[in-house]
Amino acid sequence: MAKITIDNLRHSYMSLATRDEDFALKRVHLDWADGGAYALLGPSGCGKTTLLNLISGLLHPSEGRILFDDRDVSNDTPEKRNIAQVFQFPVIYDTMTVYDNLAFPLRNRGVDEAEIKKRVTDIAEMLELTSTLDKRAAGLTADGKQKISLGRGLVRSDVNVIMFDEPLTVIDPHLKWQLRSKLKELQHRIKRTMIYVTHDQTEALTFADQVVVMNNGEVVQTGTPIELFEKPKHTFVGHFIGSPGMNVLPCEVKGGKAFVEGHAVAADNVKSVSGGKLELGVRPEFVSFAKSGLPVDVVKVSDVGRYRVVDTRLGQLSVKLIVKEGDDIPSGKTHVAFDKSHTQIYSDNWLAGSAR
Amino acid sequence: MALELKNVSKRVGGETHIHDTNLAFEDGSFNIFLGATRSGKTTLMQLMAGIQKPSAGSIWHRGKDVTRVAVQQRNVSMVYQQFINYPMLSVFENIASPLRVIGMAEAEIRTRVGKAAEILRLSPMLNRKPSELSGGQQQRTAIARAIVKDSDLIFLDEPLANLDYKLREELREELPKLFSGRQAVVFYATTEPHEALLFGNKTLTLHEGKITQFGATAEIYRKPNSLTSAKVFSDPPINVAKVTKSGKKLRLAGSALTWPVSRKAAVLPDGDYSIGLHPHHVSPEKSAEADGTISGRVLVTEISGSESVVHFNVGGQTWVSQSHGVHPYKIGETATFHADIDHALFFDMAGKLVS
């Protein structure tokens, strides 16, 4: 296992890249601790797969270095980097037994059979595959096959890092819960450095200790799930994380006060605002119905079981809030209030007053 | 009724894909088919569209038996999980294709394609080829093609499954708007309970080729008629416990725990039941009048920022608690949770809902 340093990494798929927009990955620095669980989260085309391929050695960076335990591996082949990778679709040998599939990466490296037996048995038990070890992989369901792929990624103890590229995308929701919690449990047990790439915020937030949010080839924020939820540094993070995402409302700041559609709103960082395009961000979880406050019209209620998402109009703006199962929802004209400690001003999309 | 299935079943080889089914759908309705992969959602859609023929039974459209009518002769549209477009045609011609087939006048085609493209925010891309579009735009093109003509039946088979999470969220908001005010019957297949709830309307739950329930979406979620429907409609999976009711007490099978009986369930005769508890009704804090405590060894805690999902083990069975806020339990520690018995679903030993 290794500590991973991404040092000033830049990558372009063009041969003569000059302008910033020529780069699929625009200057990224990251430090990942040995044994940590990390996620790369972002929409299609954000650069997360490019970054993954640079780390695994499938791509060579235009600029910058990749270090494993302070050793520069930027010019090493993928084999030499000693990485395990799990992909979106199960990669297994249908004609082999589950046991032989799990043993395959070890046999390839000439590990002796007694050691192989021990490791395969251990991993199979953790993944609840013990009863299928003698069966041929062809007969398994999609999630069973993906479990084998996970197992093959986890079975070697000598890898520097295990990388998962959207590993649960093809799995049904109820099995996703099982596999995801299994993976998280394993991460804690075996303490390997793991990098999990996904566009699905739930998967990223529940798996990783640190989530790297990417957009347009840039890292917009790195933080714990709680930091990303409570203090998004960029409106993109506010929008991308959370379901529904953060309310982002155009605002003005006059005399140390914020105004939305002409109404005064208390915000946590209003004193740090210096200029630029100003917006106020507040998550639906931190908006509530109130006797007085901002006048809104309730336009739509979506019942999602444990809570309801209420869509309201504040003047021309849409403001969403989340209401717990069983709580009352007024109809028509009413008022909402924002929780001040979770209401922030953004200047040109970045959290006002925070260091970038 | 717009569409009726009378004793329809489908067998392939020796295997039953769809068991004996009777269903009726109204014009202008939005119907969600919810079930796991291979539960029969796609087969049911293909039977209704005329792509597959039923092994038994008949299918009626507005009072006419259409069982033997080929799909080409029926006025239907379909959108699949994989983005399917004509690669050589422009986005405009892709959307226009069903109108060209029926020989619509050029001016009318322009108007209709323009409108569909506007709704699906494809107007700037009409001259491009599908390969020059993002996945979301390609799927929006396929959806535009499905809505451009006045189809009687529109089938959407997991249309958002291959799209990015956030894009799915946006299209989920837009889709119902596209169909409101239309006469068509819309069918939407999904594996995700959350998606069904967001769409609301009506849901049909499927399990192993059987329709287990059909009705108002929120109603089925809160009052599933059976343990099977409850399991199909719970994400994270619903917690199920075997209990013996005697008087005002519930005894959990295989443990010394006793729980109080909720007021609603008090009228049930004494005996054995299965109870179902949605994960958000098992929380770190006491919330209900009828409160059942349960302790277990924490397997893993997933914290999403606003919610904590804790998986814990009780006598070899995994329980899931989903609660608001941050509850950072450590793996391996023993923790106590509170089951909200007021919200527990009681099923008899045959799995039928009794309270």
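Computed from a prediction, not measured in an experiment: that's the story for all the values here. (Residues numbered from 1 in each chain as written. Chains lettered and ligands numbered in written order. Predicted model: local features only at pLDDT ≥ 70, side-chain atom pairs only at ≥ 80, totals over all residues.)

*Asks:* Run through the pairing of strand β10 (residues 210-216) of chain B, naming residues and quoting values.
*Replies:* Residue and element names in this part refer to chain B. Both strand β9 (residues 202-207) and β10 contribute to a ladder of six bridges, which runs antiparallel. Along β10, the bridge assignment pairs Leu-204 with Phe-214. What sits between β9 and β10 in their antiparallel hairpin is a turn of two residues, with Glu-208 showing a positive phi close to 45°. (Pairing = 2+ DSSP bridges. Helix = DSSP H or I, 4+ residues; strand = E, 2+ residues; numbered from the N terminus.)

*Asks:* Go over unusual backbone geometry with me, naming the residues and quoting the values.
*Replies:* Note the cis peptide between Ser243(A) and Pro244(A), where omega equals 0°. Its location among the elements puts Pro244(A) in the loop between α9 (235-240) and β11 (247-250). Between Asp235(B) and Pro236(B) the backbone carries a cis peptide bond, its omega angle lying at 5°. Positive phi, normally seen in glycine, also occurs at Glu166(A), with a value near 50°. On the secondary structure map, Glu166(A) appears in the loop between β7 (161-165) and α6 (173-190).

*Asks:* So what's going on with the confidence of the model for chain B? Residues and values would help.
*Replies:* When pLDDT is averaged across chain B, the result is 92; 100% of the residues are at 70 or more. Scored by ipTM, the complex comes to 0.84, with pTM at 0.89. (pLDDT = per-residue confidence, 0-100.)

*Asks:* Summarise the interface of chain B and chain A; cite the residues concerned and give the values.
*Replies:* Taken residue by residue, the interface counts 33 residues in chain B and 31 residues in chain A. Contributions of two or more residues to the side of chain B that touches chain A are made by α5 (165-179), α6 (193-199), α7 (217-222), β16 (291-303) and β17 (307-314) of chain B. Considering only residue class, the side of chain B that touches chain A consists of 15 nonpolar, 12 polar and six charged. (Contact = placed C-beta atoms within 7 Å. Nonpolar A, V, L, I, M, F, W, Y, C, P; charged D, E, K, R; others polar.)

*Asks:* Just give me the short version of the pairing of strand β12 (residues 249-252) of chain B, but keep the residues and values in it.
*Replies:* Residues and elements named next belong to chain B. Pairing geometry for strand β11 (residues 239-246) and β12, over four bridges, is antiparallel. Across the sheet, the residue bridging to Lys-245 is Leu-250, located in β12. Turn length for the β11-β12 hairpin, with the two strands adjacent in sequence and antiparallel, is two residues, and the turn residue Gly-247 shows positive phi of about 65°. Relative to strand β13 (residues 258-260), β12 runs antiparallel, the two sharing three bridges. Counterpart to Arg-251 in the pairing with β13 is Thr-258. In sequence, β12 turns back onto β13 through a hairpin of five residues, with Gly-254 there showing a positive phi of about 70°.

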